[in-house]
Amino acid sequence: MVFAAYKGMLFGGWLTFLLVLFIILALAGIAWFILYIEMSQRKNWKMVTLFIVLNSLIVAFALQLILLKSNVIF
């Protein structure tokens, strides 16, 4: 029997899956925010701030996954 060390969830196929998922979410969030700013008749500062914060967090997590996938961070 061979012992293999546990490498964590963010390794291999799961990392690729989460990377693709968060890149799609980031692009959709950015497009949705731009369309909301351009088209919405009832926008207020609270919703705009909420959209900016949520999109920033999604984009930041996608960038972290890209750096993790390219072995820049461990």
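Each remark here, short or long, concerns the structure printed above.
Presented here is a report on the structure given in the accompanying data block.

Cut-off values and rules
Residues numbered from 1 in each chain as written. Predicted model: local features only at pLDDT ≥ 70, side-chain atom pairs only at ≥ 80, totals over all residues. Heavy atoms only, no water. Helix = DSSP H or I, 4+ residues; strand = E, 2+ residues; numbered from the N terminus. Buried < 20%, exposed > 50% of the residue type's maximum accessible area, 1.4 Å probe, protein only. Contact = heavy atoms within 4.5 Å. Areas by Shrake-Rupley, 256 points an atom, 1.4 Å probe, with all protein chains shown as cover. Expected span 1.5 Å × (residues − 1). Core = buried A, V, L, I, M, F, W, Y, C linked by side-chain atoms within 4.5 Å.

## Here we look at the overall build of the chain
Counting its secondary structure elements, the chain contains 2 helices and 0 strands. The proportion of buried residues among the 74 residues of the chain is 19%. Considering only intrachain contacts with a sequence separation of at least 6, the fraction spanning at least 24 residues in the chain is 57%. Carbon and sulfur atoms form 76% of the exposed surface of the chain, whose accessible area is close to 6,200 Å².

## A look at the side chain of N55
Looking at where N55 falls in the secondary structure, it is placed in helix 2 (residues 45–69). Setting aside anything within four residues of it in sequence, one finds N55 in contact with G29, I30 and F33.

## Observations concerning helix 1 (residues 13–39)
When the terminal C-alpha atoms of helix 1 are compared, their 38 Å separation across 27 residues agrees well with the 39 Å that a helix rising 1.5 Å per residue should span. Of all the positions in helix 1, only L15, L18, L19, F22, A26, G29 and Y36 are classed as buried. Of the surrounding elements, those touching the buried residues of helix 1 are helix 2.

## Focus on the environment of V48
Topologically, V48 is positioned in helix 2. In this structure V48 comes out as buried when scored by relative accessible area, which is 18%. Aside from chain neighbours lying at most four places away, what touches V48 is F33, Y36 and I37.

## Observations concerning the nonpolar core
One finds L15, L18, L19, F22, A62, L65 and L68 forming the largest nonpolar core, which totals 7 residues. Mapped onto this core, the elements with two or more residues apiece are helix 1 and helix 2. When residues of this core are assigned to their parent elements, the largest contribution, 4 residues, is made by helix 1.

## A closer look at the environment of I30
By the element assignment, I30 lies in helix 1. Overall, I30 belongs to the partly exposed group, its relative accessible area being 37%. Sequence-wise, I30 and F51 are 21 residues apart; in three dimensions their C-alpha atoms are separated by 9.1 Å. Sequence-distant contacts of I30, that is, excluding residues within four places in its chain, are made with N55 and V59.

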